[in-house]
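An overview of the molecular structure
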Amino acid sequence: GNSVTQMEGPVTLSEEAFLTINCTYTATGYPSLFWYVQYPGEGLQLLLKATKADDKGSNKGFEATYRKETTSFHLEKGSVQVSDSAVYFCALSSYGGSQGNLIFGKGTKLSVKP
Amino acid sequence: SAVISQKPSRDICQRGTSLTIQCQVDSQVTMMFWYRQQPGQSLTLIATANQGSEATYESGFVIDKFPISRPNLTFSTLTVSNMSPEDSSIYLCSVELGTSRHYNEQFFGPGTRLTVL
């Protein structure tokens, strides 16, 4: 079945460091791919998305490219800030199951130190 | 986008009791969903809340345990019935706007953190 595998955390970085959070997926067909972020004490927010191969999603300095050949959607940011400390979830939309079913990775907790 | 609120934000309950969680959206939406996020785990879809008809449950979730109401296009409730400590989780509702601009995106509420003693 469809699944998402995400890099395990926690990840601790210093401010201005480069960030990569790996995400790979298994899916039939052509799913859409998402990164959601959950800041402390808040709900999930969509960070970025890509709906087809080679699409690049970007937002707030974060980027991820939909790589069908490697079934990956790695999240990157060139220079992290303390305010980026949060849990990041990779997800895909599954058309094989119920309409609108999002399948999530386990989440990666990022802590950025000043 | 959509603004989603949930009540209560958190609760501590005794085993064997039931809790009803409310989800309110600031606009009419067709698709509403309920997810569970167990401690240290990712989110799992419980069911799709259908307006005017019974909810559609995912494998492993049943209506007797998680009854859902969807009386209109802006509101839904999820009840966690006959609770046990294993039901301790964060419960989140989400909506899909169904517009081309937000195609396939889901917007999430802040979640309800439930602890069952």
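Presented here is an overview of the structure given in this document. Worth saying up front: this structure is predicted, and the values here are computed from it rather than measured. (Residues numbered from 1 in each chain as written. Chains lettered and ligands numbered in written order. Predicted model: local features only at pLDDT ≥ 70, side-chain atom pairs only at ≥ 80, totals over all residues. Heavy atoms only, no water.)

Right, let's talk about the pattern of salt bridges for a bit. Using the criterion set out here, one finds five salt bridges over all chains in the structure. In this structure, A:D55 and A:K52 form a salt bridge, with 3.3 Å as the shortest nitrogen-oxygen distance. For B:D87, the salt bridge goes to B:K65, with nearest N and O atoms at 2.7 Å. Taken together, the residues span a long stretch of sequence, with B:D87 in the loop between β8 (75-80) and β9 (89-96) and B:K65 in the loop between β6 (56-57) and β7 (68-72) at a distance of 22 residues. Accessibility expressed as a relative area gives 5% for B:D87, which makes it buried. (Salt bridge = Lys/Arg side-chain N within 4 Å of Asp/Glu carboxyl O. Helix = DSSP H or I, 4+ residues; strand = E, 2+ residues; numbered from the N terminus. Buried < 20%, exposed > 50% of the residue type's maximum accessible area, 1.4 Å probe, protein only.)

On to the packing of aromatic side chains, then. Residues and elements named next belong to chain B. Going through the model one piece at a time under the given rule, you end up with eleven aromatic pairs over all chains. With a centroid separation of 5.4 Å and 50 degrees between ring planes, the pair formed by Y35 and F108 is classed as tilted. Of the two residues, Y35 is situated in strand β4 (residues 31-37) and F108 in strand β10 (residues 106-108); the sequence distance between them amounts to 73 residues. Exposure remark for Y35: the relative accessible area of 0% places this residue in the buried category. By relative accessible area, F108 is classed as buried at 9%. For the ring pair F66 and Y91, a centre distance of 6.5 Å and an interplane angle of 45 degrees mean the geometry is tilted. Residue F66 is found in the loop between β6 and β7, and its partner Y91 is found in strand β9; the two are separated by 25 residues along the sequence. Residue classification places F66 among the buried positions, given a relative accessible area of 3%. (Phe/Tyr/Trp six-rings, centres within 6.5 Å; stacked < 30°, edge-to-face > 60°.)

Bringing the nonpolar core into the picture now. In this structure, B:W34 and B:V95 are the most contacted members of the largest nonpolar core, which totals 28 residues. Mapped onto this core, the elements with two or more residues apiece are β3 (19-25), β4, β5 (43-49), β8, β9 and β11 (112-116) of chain B. Here this core takes four residues from β3(B), the largest share from any one element. Apart from residues lying up to four places away in sequence, B:V95 is in contact with B:A2, B:I4, B:V25, B:V29, B:M31, B:M32, B:E105, B:Q106 and B:F107. A:L47, A:A50, A:C90 and A:V112 belong to the second-largest nonpolar core, a separate cluster that totals 27 residues. (Core = buried A, V, L, I, M, F, W, Y, C linked by side-chain atoms within 4.5 Å. Contact = heavy atoms within 4.5 Å.)

For the rest of this paragraph, the subject is the side chain of B:S88. Residue and element names in this part refer to chain B. Position of S88 among the secondary structure elements: in the loop between β8 and β9. For S88, a relative accessible area of 16% corresponds to the buried category. One polar contact links the side chain of S88 to the main-chain amide nitrogen of V116, over a distance of 2.9 Å. S88 has contacts with P39, L114, T115 and V116, leaving out every residue within four places of it along the chain. (Polar contact = N/O pair within 3.5 Å; in protein donor to acceptor, adjacent residues only side chain to side chain.)

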